[in-house]
Every structure is written in structure tokens, then in C-alpha cells.
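This is what each chain is made of:
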Amino acid sequence: IAPGTVRLPPILPLTQADYQQVVAAATTPEHRLMLALAAVHAARPGDIRALQLDDVDLGDRLITIAGHDRRLDDLTLKAISRYLELRRKRWPNTANPHLLVSARTAYDTRPVTGYYLSNLFRGHNATLDRLRADRWLDEALDRGPDPLHLAAVFGISAATAIRYANSARSILEGTPLRE
């Protein structure tokens with residue numbers, strides 16, 4: 001039996017309502033930070049979990065996500081600053097080097113769990129993964145469907161960059177989305 005080609009579903013942007021729902025659900029500083037990291041910087045959930053305090057340079061407005069330096073926009077800078085203020089108040093003596101800590105991880109050096117990250121987004125169309133993917137598509141729609149640009153900016157594979165560039169091209173040309 002020979003394997004056939006896998007037809008991937010078309011990539012469609014999230015709706016404004018999807019964003020409004022998840023923004024309304026993000027009521028705590030840690031949730032707002034997770035939202036900004038996924039929606040603005042297209043950070044993967046695993047990369048958000050792995051972020052350490054040393055990856056954030058507020059003075060130079062930089063954050064290093066999965067080895068890639070990213071400039072901090074005003075929204076993310078504000079979200080990080082508010083979260084760090086809360087973190088210092090809630091756990092002033094924690095030795096945990098990770099940016100995000102929870103009641104369980106504040107007393108050791110483990111990262112937060114995947115459940116900790118995904119819990120806010122449960123039941124919404126705009127999950128962390130969907131927000132990340134929507135950011136890639138938005139970049140392709142905004143800057144043009146250039147896979148080289150997507151791969152360079154987000155550090156994604158060539159195949160993924162091509163797929164998102166093709167989806168953006170279909171949307172911009174008004175042609176039906178087929179994979």
C-alpha cells in the first residue's frame with residue numbers, strides 16, 4: 001500500500017469575534033502576557049513555557065524566543081512589565097528562572113505546565129496555536145506572501161512558510177482556498 005498525499009485543510013484567519021472572546025477572557029497579567037506572546041510574536045506554547053527571565057531585556061526592548069531576538073512592541077512590553085510586577089509581589093523569593101511561574105512552580109525550577117498555558121484558551125477558537133498561526137498568516141497578508149520573509153521573521157520551516165504564503169496569496173487574490 002502506497003501512502004497518498006495528505007490534503008491539509010485551508011488556513012483561514014481568525015475572526016474578530018474570536019479575538020474579542022479570548023481578549024475578554026484574559027483577565028490576569030499572566031494570561032495577557034501569554035496572549036501577547038502568541039498573537040504578536042507567534043510564540044509556540046512550548047517556547048512560552050521555556051522562556052526565562054534572562055530572555056527578557058526590558059531596557060533594550062528585546063525578548064529572545066526560541067533563540068530568535070524579537071523587538072518588544074508597546075503591548076508586549078506593558079504585558080511583561082505588569083506580569084513581572086505581579087510575580088515580584090506574589091513570589092518575592094522564588095528562585096525559578098522561568099518567566100512564567102505558577103503556585104506549583106514558584107517553589108522549584110520547573111516551567112509551568114502545558115495545562116497552565118492552555119486552560120485560559122479552552123473552549124475558544126483562538127487557542128495559543130491558532131493565535132500563532134494567525135500571526136503568521138497576518139504577516140503574509142500584510143507584508144506580501146513571501147515565504148522567505150516568513151521563515152526569516154518567525155524561524156519556521158520552508159514548507160510551513162510556503163503553505164502560509166500560498167494561503168495568503170489565495171486570500172489576497174480572492175481565489176478559493178485549496179491545499
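Just above, that's the structure.
We now turn to the structure provided with this report. On a predicted model such as this, the values are computed, not experimentally measured, just so you know.

### A short note on the overall build of the protein
Logical step 1: A count of helices and strands for the protein gives eight helices and three strands.
Logical step 2: Ordering the α and β elements of the protein from the N terminus gives α-α-α-β-β-β-α-α-α-α-α.
Logical step 3: In terms of overall dimensions, the protein has C-alpha extents of about 55 × 40 × 35 Å along its principal axes.
Logical step 4: Looking at the protein as a whole, 38% of its 179 residues are labelled buried.
Logical step 5: Excluding contacts between residues fewer than 6 apart, the proportion of contacts in the protein whose partners are at least 24 apart in sequence is 56%.
Logical step 6: For the protein, the exposed area adds up to about 10,000 Å²; of that, 53% sits on carbon and sulfur atoms.

### Here we look at the packing of aromatic side chains
Logical step 1: Applying the stated criterion to the full structure yields one aromatic pair.
Logical step 2: Residues Trp-136 and Tyr-164 carry aromatic rings whose centres are separated by 5.2 Å and whose planes lie at 90 degrees to one another, so their mutual orientation is edge-to-face. Of this pair, Trp-136 sits in helix 6 (residues 128–143) while Tyr-164 sits in helix 8 (residues 158–173), and the two are 28 residues apart along the sequence.
Logical step 3: Classification of Tyr-164 as buried rests on a relative accessible area of 8%.

### Quick word on the sheet that holds strand 3 (residues 68–71)
Logical step 1: If you walk across this open sheet you meet the three strands as 1-2-3, and the pairing is antiparallel. The strands lining the two open edges of the sheet, one partner per strand, are strand 1 (56–57) and strand 3.
Logical step 2: Where strand 1 lies against strand 2 (residues 62–65), two bridges are found, and the strand directions are antiparallel. Considered in strand 2, the bridge of Val-56 is made with Ile-63.

### Remarks on the pairing of strand 2
Residues in a regular strand project their side chains so that they alternate between the two faces of the sheet.
Logical step 1: Side chains Ile-63 and Ile-65 of strand 2 all project onto a buried face; the interleaved residues Leu-62 and Thr-64 project onto a face where none is buried.
Logical step 2: Where strand 2 and strand 3 come together, four bridges link them in antiparallel fashion. The residue of strand 3 that forms the bridge with Ile-65 is His-68.
Logical step 3: Between strand 2 and the antiparallel strand that follows it, strand 3, lie two residues; Ala-66 among them carries a positive phi value of about 55 degrees.

### Some points on the side chain of Asn-96
Logical step 1: Structurally, Asn-96 can be placed in the loop between helix 4 (74–90) and helix 5 (114–118).
Logical step 2: Engagement of the side chain of Asn-96 in a polar contact is seen with the backbone oxygen of Thr-105, the distance being 2.7 Å.
Logical step 3: If we skip the residues at most four places from it in the chain, Asn-96 touches Leu-53, Arg-87, Val-101, Thr-105, Asp-108, Thr-109 and Arg-110.

### A look at the nonpolar core
Logical step 1: By size, the foremost hydrophobic cluster in this structure holds 35 residues, and its most contacted members are Leu-33, Leu-37, Ile-48, Ile-63, Leu-100, Leu-117 and Leu-131.
Logical step 2: Secondary structure elements with two or more residues in this core: helix 2 (29–39), strand 2, helix 4, helix 5 and helix 6.
Logical step 3: Looking at this core element by element, the count peaks at seven residues for helix 2.
Logical step 4: Apart from residues lying up to four places away in sequence, Leu-37 is in contact with Ala-42, Ala-43, Ile-48, Leu-51, Ile-63, Ile-65 and Thr-76.
Logical step 5: The next biggest cluster of nonpolar side chains, apart from the first, holds 13 residues, and it includes Ile-11, Ala-133, Trp-136 and Ala-161.

### Examining the packing of helix 7 (residues 147–154) against helix 8
Logical step 1: Direction vectors running N to C along helix 7 and helix 8 enclose 125 degrees, while the axes themselves pass 8 Å from each other. Our classification of the angle between helix 7 and helix 8 gives oblique. For the element pair helix 7 and helix 8, the recorded crossing hand is right-handed. Packed against helix 7, whose contacting residues are Pro-147, Leu-150 and Ala-151, the element helix 8 presents Ala-161, Ile-162, Tyr-164 and Ala-165 at the interface.
Logical step 2: Looking at side-chain class alone, the contact of helix 7 with helix 8 contains seven nonpolar, no polar and no charged residues.

Criteria and thresholds
- Residues numbered from 1 in each chain as written.
- Predicted model: local features only at pLDDT ≥ 70, side-chain atom pairs only at ≥ 80, totals over all residues.
- Heavy atoms only, no water.
- Helix = DSSP H or I, 4+ residues; strand = E, 2+ residues; numbered from the N terminus.
- Buried < 20%, exposed > 50% of the residue type's maximum accessible area, 1.4 Å probe, protein only.
- Contact = heavy atoms within 4.5 Å.
- Areas by Shrake-Rupley, 256 points an atom, 1.4 Å probe, with all protein chains shown as cover.
- Phe/Tyr/Trp six-rings, centres within 6.5 Å; stacked < 30°, edge-to-face > 60°.
- Pairing = 2+ DSSP bridges.
- Polar contact = N/O pair within 3.5 Å; in protein donor to acceptor, adjacent residues only side chain to side chain.
- Core = buried A, V, L, I, M, F, W, Y, C linked by side-chain atoms within 4.5 Å.
- Axes fitted to C-alpha atoms, helices over the stretch in contact; angles between N-to-C directions.
- Parallel < 35°, antiparallel > 145°, perpendicular 65-115°, else oblique.
- Left-handed = near helix turned anticlockwise from the far one by under 90°.
- Nonpolar A, V, L, I, M, F, W, Y, C, P; charged D, E, K, R; others polar.

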